[in-house]
Structure formats: C-alpha cells, structure tokens
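Chain and residue survey
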Amino acid sequence: MVYPMRFYGDPILRKAAGPVSRFDAPLEALSRDLLETMYDANGVGLAAPQVGLSKRIFVALETVPRDDQDDDTGDADSETSDQGDLIVDDERQRWGVVAEHVMVNPTIVRREGEQVGPEGCLSVPGLFVDQMKRDRSVTVRFQDLGGRWNEIEAEGHFAHVVQHELDHLDGILFIDRLPAAERRAFFDEHRAQLADIQREAKRLLRELRREPAPLPVI
C-alpha cells in the first residue's frame, strides 16, 4: 500500500515519535508499506512520521557507491538528490540496491568523521541543500521486526540516509541542521516554494480528516 506523504508544515513532522512496542503482523505489513511508499516516491529512505504514524521505525536503502555502478544506470530524484543511486522500474527491479533495511527503535551509539553532500527530503519536495554536513560513519543499534536487537555500521551515503531518517523520528527536518545563517538564506531563497508546500500539507490534512489513511496500530 502506498501512503500519502506528509509535507513540511504538518505538525506530525515536528513531534518526537513514540517507541514501537508490538512486534507482530501489523508491524511487518507497515514495513512493507513504507518500502512501497518510498519506492513510489523515488526515495532512498522513509520514516513512519512521514506517512502520519508517530512511531520509531524507518526504512532505508543501502546502495552501491556511484563510482561502482555501470554508466547506463543513471540516477533518479531521491531524498539525497544527486547522491541517490536508485533507479526504479518497479518495486522488484532496482539497480544499485545492496540491501533494504528496516530499523525499529533505532539509536546511534557511535559517530565518526564528517562528510558533506547534497540532501533533500520527500516531505520537502523539490528543495535541496548542496552542502549538508553529516557524520561519515555511524553505528546504529535497533530492533528488527521480531524485536531482536542488532547493531549495524553505516558509512558514506548509507550513513547519510540513516541520520536523515533518524532525525525524522525526533521531529527534526534536514533544514534544521543548517547553521543559522545558511538556514535564513535557505528560507529567504525558497520562501514561495515552502509556502506552497505548507498549503499542500494543510490541504492533505483536511482531506485526511474526512477520510483517514488506514494506519496500523503498533
């Protein structure tokens, strides 16, 4: 199932999400729906608050670095703009995807180094930051769909995606990570586009009040 995306201006994107406590069939179904919604939007990651569910779960793609891919794979718009290595014909045919990750109740337990690259967000469509600073390498502790605890090391682009999605679980958008002067400049440059996105967020909320999306209880 493809869920409607929540956009900048929707209050749920500013809330800290609650922990997942039920590890059952609805959670597995949600993970599949998050992946389907992510692929439908040509993204490389998606957090539950972005579809209106304030719970600590996100999905993220680990992809082959751009330099290791064939020249004819191209690229597509994604949460990280030109860093995205994903081309989607359908949900079963993907180039450059090493693994799909589902992380429940995640926390970063180690950070190392620094990287800089472009970043955007499916909830702030069409707008990107060219030089976003993120940790180069992180270790994430999380539960899988069965409730078992795991740790995974993420580096480079994958680490960038993981940090972006975990921020969503804390009510943080990528533009909040900009230094104050750069953030003011971003808002000044994109004032009209941000106003349009906020209007669309309000329109969608009115529509969802009339006909709520069938979100699972987890």
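Preceding this section is the structure that the text describes.
Attention in this report is confined to the structure presented alongside it. Counting of residues starts from 1 at the beginning of each chain's written sequence and follows it residue by residue. The model is predicted, so local features are restricted to residues of pLDDT at least 70 and side-chain atom pairs to those at 80 or more, both for listing and for counting; the totals for chains, interfaces and linings are taken over all residues. Water and hydrogen atoms were dropped before computing side-chain values, which therefore reflect all heavy atoms in the structure.

1. A word on the environment of Leu 122
Helix and strand definitions here come from DSSP, where helices need a minimum of 4 consecutive H or I residues and strands a minimum of 2 consecutive E residues; each element is numbered from the N-terminal end. Relative to the helices and strands, Leu 122 resides in the loop between strand 6 (115-121) and strand 7 (124-134). In sequence terms Leu 122 and Gln 50 are 72 residues apart; their C-alpha atoms lie 8.2 Å from each other.

2. Let's talk about the pattern of salt bridges
Each reported salt bridge corresponds to a side-chain nitrogen of Lys or Arg within 4 Å of a carboxyl oxygen of Asp or Glu. Tallied over the entire structure, the rule returns 15 salt bridges. Arg 148 is paired through a salt bridge with Asp 144; the nearest N and O atoms lie 3.1 Å apart. Buried means the residue's accessible area, taken with a 1.4 Å probe over protein chains only, is under 20% of the maximum for its type, while exposed means over 50%, and partly exposed covers the values in between. Judged by relative accessible area, Arg 148 falls into the exposed class, the value being 54%. Take Asp 144: its relative accessible area is 16%, and that puts it in the buried class. For Arg 177, the salt bridge is made with Asp 167, and the minimal N-O distance between the two is 2.7 Å. Separated by ten residues along the polypeptide, Arg 177 in the loop between helix 2 (156-169) and helix 3 (180-189) and Asp 167 in helix 2 bring together distant segments of the chain. The class of Asp 167 is buried, set by a relative accessible area of 5%.

3. Here we look at helix 4 (residues 191-210)
Count 3.6 residues to each turn of an α-helix, and residues three or four apart come out pointing the same way. Taking 1.5 Å of rise per residue, the 20 residues of helix 4 would be expected to cover 28 Å, and the 29 Å separating its terminal C-alpha atoms lies within 8% of that figure. When helix 4 is considered as a whole, its buried residues turn out to be Leu 194, Ile 197, Ala 201, Leu 204, Leu 205 and Leu 208. End-on, the buried residues of helix 4 take up no more than an arc of 105°, which puts them together on one face. Turned more than 90 degrees off the buried face of helix 4, the exposed positions are Arg 191, Ala 192, Arg 199, Lys 202 and Arg 210. For helix 4, the secondary structure elements touched by its buried residues are strand 7 and helix 3. Every helix has an expected span of 1.5 Å times one less than the residues it contains. What the arc covers is the set of directions going from the helix axis to the C-beta atoms. Only heavy atoms matter for contacts: two residues are in contact if any of them lie within 4.5 Å across the pair.

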